[in-house]
Amino acid sequence: MRGWFDQAVGGLPRQFWLLWTGTLVNRVGSFVVIFLAIYLTGERHFSQSQAGLVIGLYGVGGALGTTVGGVLADRWGRKPTMLTAQFGAAALMLALGFAHHYGQILAVTFLLGFFSEAMRPAFSAMMVDVVPDRDRVRAFSLNYWAINLGFALAAVGAGLAAKVDYLLLFVVDAGTTLATALICLIFIKETRPSRTAVRPPRGEAGGLITVLRDRVFVTYLLVSVGGIVVMMQHLSTLPIAMTSEGLSAATYGWVIAVNGVLIVVGQLFVPKLIEKRDPARVLALGSLIIGVGFGLNALAHASWFFALSVIIWTLGEMIQSPSNATTVAALSPAALRGRYQGLNSLSWSAGTALAPIAGGFTQQHLGNAALWIGCFLVCALVALGHILSGPSRRRRIASLGVTAPALPEPIADVPAVAEPVADPPAKLPTR
C-alpha cells in the first residue's frame, strides 16, 4: 500500500504542491457557481431563460478572460496574471452577492466570468512548466482530485449555508479566492520560460493566430466542446430539474456532492487504469459513459435515481479528465504554452456559455426528457469525433517529440525536484 502511495504522490516538485494547496482552498469555498441557478430562480425569482442568460454571460466573460489570460501568461508572466485575476474575482464575487437588479447581476456576472477564468491558462501553463512529461498524468490526476475534494465539501456546505442566508455563499467564496491569491503572492515563483531558452515556432509574432491555425489542436477543442456542454448541465439544468420534482436545494447539494466524493475515493487509481492506453479511445469511452449517465436523468424522479446518474457520469469524467489535460499539454509548444492553455480554457468557457442557454431553452420548451436524451446523443457524437481525430493527434505529438503520457518508473528513479523550465520558479478549474 505504501509503495502504491509513494508512486501516486511522490517525487513531484514543491511548486506543484503549492498549486495543489491553492486549488483545494479555492474549491472548498466554490459555493456560488454550484448554487447560482437555484439562487437566481428561487431567491431572485428569475425565469429559467433569464437564469440561463446570466450563467451564459459568465461563460462569455470567461471566454474573453481565458483568451486574454493565455496571452498575458506568455507575455507578462504566469504569476502576475494569476494575482490580478484572483484579486479581481474576489472583489466581484462580493459585488455579485450585493447585486439585486437583473441588469446589475448580468454585468457583474460577466466581469466575474472574465476574471475567474483569466487565471486558468496561467495556472495550467505553470503546472506544465514545473512537472516533467512522464509525471503529468498523475500530477493532473492529483490536482483533479483536489478540485473534487473541495467540490464535494463545497456542495454540502453550500446547501447548509443557503438555509442560513444566500449572501453567506458569496462571502465565503470571495474569502477562499482571496486566500488562494495570498498563497500565490507569498509562496509561488514565476515559471515562464525565458525567450532565449525556448525558440518560438514560426509565426510566433502572431502567437494566438498561430494556435488558431493549428488544425489538429482546434479540431480537438471543437470535438471536446460538445462534451463540455453536456457536463455543464449539472450546474444549470440539473438543479432546476430536481427542484421541479419537489426536491430541495439541500438535496441537490448532497446529490451533486456524490460526484466529488466518488472522485476523491477513486481518482488516484485512475492513472494506473489508463496508462499506456490510447488517449483517443479513453476520451471516447469517457464520453459515452458521461452520455449514459446524463441520459438516465430522463427516467429520474427521486433523489436516489439522480444520485445514481451522477455516479455513472462521474465514472466517465474520472477517466476522461487526466487524458484531456495531458493531451492538451502534449500538443502545446513550450513558447506558446499559455496561449494553448488559454484556447483550451476558452473551449470550456464556450461550453459553459452554451450549456445553460441551450439546456435552459430545451428544458423550458421541450421538457426534461428531451434534454437528457439529447445529452446522450451529443456525447455519442463526441466519442465518434475522438476516435476519428485520434490518429492525427498521435502524429502531431510524435512530431513535437513529446513522450506519450505514462506513469513514472518506481519512485526510486523519480527525481525529488523537477528542474524549472526558466528562472526559479502557478488550474483551476476546471473543469
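In what follows, the accompanying structure is described. Treat the numbers as computed from the prediction; the structure is a model and nothing was measured. (Residues numbered from 1 in each chain as written. Predicted model: local features only at pLDDT ≥ 70, side-chain atom pairs only at ≥ 80, totals over all residues. Heavy atoms only, no water.)

## Considering the overall build of the protein
Per the secondary structure count, the protein includes 17 helices and 0 strands. Across the 431 residues in the protein, those meeting the buried criterion constitute 59%. Of the roughly 17,100 Å² of accessible surface on the protein, 68% is carried by carbon and sulfur atoms. (Helix = DSSP H or I, 4+ residues; strand = E, 2+ residues; numbered from the N terminus. Buried < 20%, exposed > 50% of the residue type's maximum accessible area, 1.4 Å probe, protein only. Areas by Shrake-Rupley, 256 points an atom, 1.4 Å probe, with all protein chains shown as cover.)

## A short note on the packing of aromatic side chains
The tally for this structure, following the rule as stated, stands at 9 aromatic pairs. Between the aromatic rings of Phe16 and Trp17, the centroid separation amounts to 5.0 Å while the plane-to-plane angle is 75°, which identifies the pairing as edge-to-face. Classification of Phe16 by relative accessible area gives buried; the value is 0%. Seen from their ring centres, Tyr39 and Phe170 are 5.2 Å apart, and the 65° between their planes marks the pair as edge-to-face. Taken as a pair, Tyr39 in helix H3 (residues 31–43) and Phe170 in helix H8 (residues 166–187) lie far apart in primary sequence, 131 residues in all. By the burial criterion, Tyr39 is buried, and Phe170 matches it. Ring pairing ties together the aromatic residues Phe16, Trp17 and Trp20, which thus form one cluster. (Phe/Tyr/Trp six-rings, centres within 6.5 Å; stacked < 30°, edge-to-face > 60°.)

## Side note on the environment of Leu247
Take Leu247: it is sitting in the loop between helix H11 (237–244) and helix H12 (249–266). As for Leu247 and His301, which are separated by 54 residues in sequence, their C-alpha atoms are 9.2 Å apart. In contact with Leu247, not counting residues within four places along its chain, are Met242, Ala302, Ser303 and Phe306. (Contact = heavy atoms within 4.5 Å.)

## Considering the pattern of salt bridges
Applying the stated criterion across every chain, the model contains 5 salt bridges. A salt bridge links Asp129 to Arg78, with the nearest nitrogen and oxygen atoms 2.9 Å apart. Here Asp129, found in helix H6 (residues 102–130), pairs with Arg78, found in helix H5 (residues 78–98); they are 51 residues apart in sequence, far enough to count as distant. Both residues of the pair, Asp129 and Arg78, count as buried. With its nearest N and O atoms 2.8 Å apart, the salt bridge here joins Arg394 to Asp278. (Salt bridge = Lys/Arg side-chain N within 4 Å of Asp/Glu carboxyl O.)

## A few points about the nonpolar core
The biggest cluster of nonpolar side chains holds 59 residues, and the ones touching the most others in it are Leu40, Tyr252 and Phe294. Among the elements that take part in this core, H3 stands out by supplying 7 residues, more than any other. The next biggest cluster of nonpolar side chains, apart from the first, holds 26 residues, and it includes Leu18, Leu83, Leu142 and Ile188. (Core = buried A, V, L, I, M, F, W, Y, C linked by side-chain atoms within 4.5 Å.)

## Looking at the environment of Tyr340
Its place among the elements puts Tyr340 in helix H16 (residues 337–365). Separated by 11 residues in the primary sequence, Tyr340 and Ala329 have C-alpha atoms spaced 8.4 Å apart. Discounting chain neighbours no more than four positions away, the residues touching Tyr340 are Val211, Asp214, Phe217, Leu331, Ser332 and Pro333. One polar contact links Tyr340 to Asp214, side chain to side chain, over a distance of 2.7 Å. (Polar contact = N/O pair within 3.5 Å; in protein donor to acceptor, adjacent residues only side chain to side chain.)

## Considerations on helix H15 (residues 303–330)
Compared with the 40 Å implied by 1.5 Å per residue over 28 residues, the 40 Å span of H15 between its first and last C-alpha is a close match. Approximately 30° is the largest bend angle found in H15, and it occurs at Gln320, with the proline Pro322 only one to four residues beyond. Most of H15 is tucked away: 23 of the 28 residues are buried. (Expected span 1.5 Å × (residues − 1). Bend = angle between axes of the 7 residues up to and from the residue.)

## Quick notes on the packing of H5 against H6
Relative to each other, H5 and H6 sit at 150°, their axes nearing to 8 Å. In terms of axis orientation, H5 runs roughly antiparallel to H6. Our pair here, H5 against H6, has a crossing hand that is left-handed. Residue composition of the contact of H5 with H6, grouped by class: 18 nonpolar, 6 polar and 3 charged. (Axes fitted to C-alpha atoms, helices over the stretch in contact; angles between N-to-C directions. Parallel < 35°, antiparallel > 145°, perpendicular 65-115°, else oblique. Left-handed = near helix turned anticlockwise from the far one by under 90°. Nonpolar A, V, L, I, M, F, W, Y, C, P; charged D, E, K, R; others polar.)

## Considering the state of the cysteines
Within the structure shown, the criterion is met by 0 disulfides. This cysteine, Cys375, is not joined by any disulfide, and Cys379 carries the nearest cysteine sulfur, 6.8 Å off. The class of Cys375 is buried, set by a relative accessible area of 5%. (Disulfide = S-S within 2.5 Å.)

## Details of the environment of Phe98
On the secondary structure map, Phe98 appears in helix H5. According to the relative accessible area criterion, Phe98 is exposed, its value standing at 53%. Taking the C-alpha atoms as reference, Phe98 lies 8.8 Å from Phe170; in sequence the two are 72 residues apart.

## Some words on a nonpolar patch on the surface
A contiguous nonpolar surface patch, about 530 Å² in accessible area, is contributed by Phe87, Leu178, Leu182, Leu185, Ile186 and Phe187. Per-element accounting of the nonpolar patch gives the leading share, 5 residues, to H8. Within the element layout of this structure, Ile186 appears in helix H8. (Patch = residues over 30% accessible without salt bridge, like charges linked within 9 Å, V, L, I, M, F, W, Y side chains within 5 Å.)

## A word on the side chain of Ser347
Locating Ser347 in the fold gives a position in helix H16. Of the polar contacts made by the side chain of Ser347, one reaches the backbone oxygen of Asn344; its length is 2.5 Å. Apart from residues no more than four positions distant in its own chain, Ser347 is found in contact with Leu221, Val225 and Ile228.

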